Amino acid sequence: MTAVFPETELKSVDVLKTDGAFNVGCYVRDGKLVPGLNRALNPQAIFNNITVAFYAAATKNYIYCSSDGMVCFTLTDSSLFQGKRVAATRHSMLELNEDGTANAFVVGNTSYIKINGMTNQVRPYKGAVRSCVLKNGRIFGIDNSDPFKIKWSGEGGIEDWTEGISGAGWVVLQNGGGEILNLIVYKDKIVAVREYGLSFLTAYGTPENFKIAYFDKRLPKICKNTVAVAGDKLYFYTEGGLYYYDGSKAEKSGTPLAAELKDSAAVFSGNGKYYLCGESKTLKRRAVLAVDTALNVDYIIDVGAEALCAGGKTFVYADGKEYTLDDGGEYAFTSGEIDFSTDGKKVLKEVVIDSENEVRVEVSNGVISRIVGGVRGKFRPNMRGKSFKITVYGSGKISKICAVAEVRSGV
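The structure reproduced in this document is the subject of the present report. (Residues numbered from 1 in each chain as written. Predicted model: local features only at pLDDT ≥ 70, side-chain atom pairs only at ≥ 80, totals over all residues. Heavy atoms only, no water.)

Brief notes about the overall build of the protein
Put simply, the rule is: Helix and strand definitions here come from DSSP, where helices need a minimum of 4 consecutive H or I residues and strands a minimum of 2 consecutive E residues; each element is numbered from the N-terminal end. Using a 1.4 Å probe on the protein chains alone, a residue whose accessible area is under 20% of its type maximum counts as buried, one over 50% counts as exposed, and one in between counts as partly exposed. His residues and chain termini do not enter the charge count, which takes Lys and Arg as positive and Asp and Glu as negative. All charge positions are set by atom: Lys at NZ, Arg at CZ, Asp at CG, Glu at CD.
Within the protein, the secondary structure is distributed over 0 helices and 40 strands. Based on the C-alpha atoms only, the size of the protein along its principal axes is roughly 100 × 50 × 30 Å. Taking all 411 residues of the protein together, 51% fall into the buried category. One way to put it: in the protein the 50 positive side-chain charges average out to a point 3 Å from where the 46 negative ones average out.

If you want it as structure tokens, here you go:
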């Protein structure tokens, strides 16, 4: 009796184009795998439980605020100066000139701290607002006791909260969009980011000329403290993933990891990039989602950040340590499921990698995994399975990752 073997053929897949890929410290651009930002540990230790961090350009201070209200800042020699407590639901930072002198003000619920060099003074805060922003010589904030009310100061600085036709005042927004979560300045307007939408305050001249407008599209529930301007768009995270507003419309970001985070907590933007801290659904731990808005790509940075800020470089803070986000370091690219568009079992014959440097490759069929280092060119796993995942660990650019399998013909 003669044995009859089924006919087979070879099929190949561009691994970098697979759906469901997951990138840590790298991204796919023009069919190539490109290293992104990664973390590097700095020698300076920072105190724990940082909830928000700022860089005051005018005074050249890094400012750190903790969950217990402690406000600390760096001096000109980069040493850390122990500050004072300013209780806050979430601190805001304003840069104002007083008598020709630049000052940074960190604002809490009922008090603020004024920082100038080594001087730090805590004073009562009459504004009783949070999420403060500066616009046209006035401070705008969300009323501490009414989440639908925006209050503004007079033009006399941080102490000027006397109401009047040309002085301080307030407006209550229609409640169709829900409570106000954050205020931010975007395209010369103050944007009130609300639970389910956006509202806009134009604040030119005296308050009688201020105008309110409402965005008529209801959005998925927006997560608090996730709004930032990156590039020329306003980005914010929702229960449906990452969205942006471009001045006329609001749409979901089309980047692959737009819905990767949950329990998002802190945001920062700089140099056209949007960074958001939260829990990665894939890693199942805290990480940073990085979105390059100019390239329209995103990836994960594997650091359990509590806060971010920048002043020349971008820093993240986690577990009492300061990390710099910089080029270099090892990245990891994991493909989506690769079944070569066929049913049944097949044999993964080879993985071809065109890379600048040698890489480590992990191949899995969902039951067993195989890891090989020093790969550059062809790797022959000869692994049998219905589908496969391929993870590549590297540090340089990769021009191609191609997987080749032997499959039954006509299946």
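Having seen the structure, we can now continue with the description.
Observations regarding the packing of aromatic side chains
Inclusion rule: Between the rings of Phe, Tyr and Trp (Trp by its six-membered ring), a pair exists once the centres lie within 6.5 Å; its type follows the angle of the planes, with under 30 degrees stacked, over 60 edge-to-face, and the other angles tilted. Sitting over a ring, as applied to charges here, requires NZ of Lys or CZ of Arg to be within 6 Å of the ring centre and within 35 degrees of the ring normal.
Following the criterion strictly, the structure yields 18 aromatic pairs and no others. Cluster of aromatic residues (ring-pair linked, three or more members): Phe-105, Tyr-112, Tyr-125 and Trp-161. Between Arg-218 and the ring centre of Tyr-196, over which it is positioned, the NZ or CZ distance is 4.0 Å. The cationic tip of Lys-233 hangs over the ring face of Tyr-244; the distance from NZ or CZ to the ring centre is 5.4 Å.

A short note on the nonpolar core
Condition: The term nonpolar core refers to a set of buried residues drawn from Ala, Val, Leu, Ile, Met, Phe, Trp, Tyr and Cys, joined through side-chain atoms within 4.5 Å. We call two residues in contact when some of their heavy atoms are within 4.5 Å.
Judged by nonpolar contacts, the single largest core of 26 residues is most densely connected at Phe-333, Phe-340, Ile-353, Val-361, Ile-390, Ile-398 and Ile-401. The set of elements that each furnish at least two residues to this core consists of strand S33 (331-334), strand S34 (346-355), strand S35 (359-364), strand S39 (389-394) and strand S40 (398-408). In terms of residues, this core owes the most to one element, S40, which gives 5 residues. Here Phe-333 is in contact with Val-15, Leu-16, Ala-21, Phe-22, Asn-23, Cys-26, Val-28, Leu-33, Ile-390, Thr-391, Val-392 and Ile-401, once residues within four sequence places are set aside.

Focus: the environment of Gly-241
On the secondary structure map, Gly-241 appears in strand S24 (residues 241-245). Along the chain, Gly-241 and Ile-142 lie 99 residues apart, while their C-alpha atoms are 25 Å from each other. Leave out the neighbours within four places in its chain, and Gly-241 touches Phe-236, Lys-252, Ala-258 and Ala-259.

A word on the sheet that holds strand S25 (residues 250-252)
What counts here: The rule for pairing is simple: two strands pair if DSSP sees at least two bridges between them. The axes used here are C-alpha line fits, helices contributing only the stretch in contact, and every angle between their N-to-C directions lies in the interval 0 to 180 degrees.
In spatial order, the strands read S22-S23-S24-S25; together these 4 strands make up an open sheet with antiparallel pairing. Looking at the sheet topology across the chains shown, the edges are occupied by strand S22 (228-230) and S25. This sheet shows a mean twist of 35° between the axes of neighbouring strands, independent of strand direction. Pairing geometry for S22 and strand S23 (residues 233-238), over 3 bridges, is antiparallel. Directly across from Ala-228, in S23, lies its bridge partner Tyr-235.

Digging into the pairing of strand S30 (residues 307-311)
Taken residue by residue, a regular strand's side chains alternate between the two faces of the sheet. Across 5 bridges, the pairing between S30 and strand S31 (residues 313-318) is antiparallel. In the strand pairing of S31, Ala-310 is matched with Thr-314. Linkage of S30 to S31, two consecutive antiparallel strands, is achieved through a turn of 1 residue, within which Gly-312 is found at a positive phi near 90°.

A look at unusual backbone geometry
The phi angle at Asp-188 is positive, at roughly 70°, despite the residue not being glycine. We note that Asn-296 has phi near 60°; this positive angle belongs to a residue other than glycine. Position of Asn-296 relative to the elements: it lies in the loop between strand S28 (285-292) and strand S29 (297-301).

Re the pairing of strand S32 (residues 321-327)
Relative to S32, S31 runs antiparallel, the two being bridged by 5 bridges. Following the sheet pairing, Phe-315 is matched in S32 by Thr-324. Counting the residues between successive antiparallel strands, the hairpin from S31 to S32 contains 2 residues, one of them, Asp-319, with a positive phi of roughly 50°.

What about the sheet that holds strand S19 (residues 189-194)?
Working definition: the strands of a sheet are paired by backbone hydrogen bonds and lie parallel or antiparallel to each other. As summarised here, the arrangement of the 4 strands in space is S18-S19-S20-S21, forming an open sheet in which the pairing is antiparallel. Looking at strand neighbours, the two that pair on one side only are strand S18 (180-186) and strand S21 (211-214), the edges of this open sheet. Neighbour-to-neighbour, the strand axes of the sheet open up by a mean angle of 25°, direction not taken into account. With 6 bridges joining them, S18 and S19 adopt antiparallel strand pairing.

Brief notes about the state of the cysteines
This is how the line gets drawn: Defined by distance alone, a disulfide is two cysteine sulfur atoms within 2.5 Å.
Counted according to the given criterion, the structure contains 0 disulfides. The thiol sulfur of Cys-309 is not disulfide-bonded, and the nearest other cysteine sulfur, from Cys-65, lies at 10 Å.

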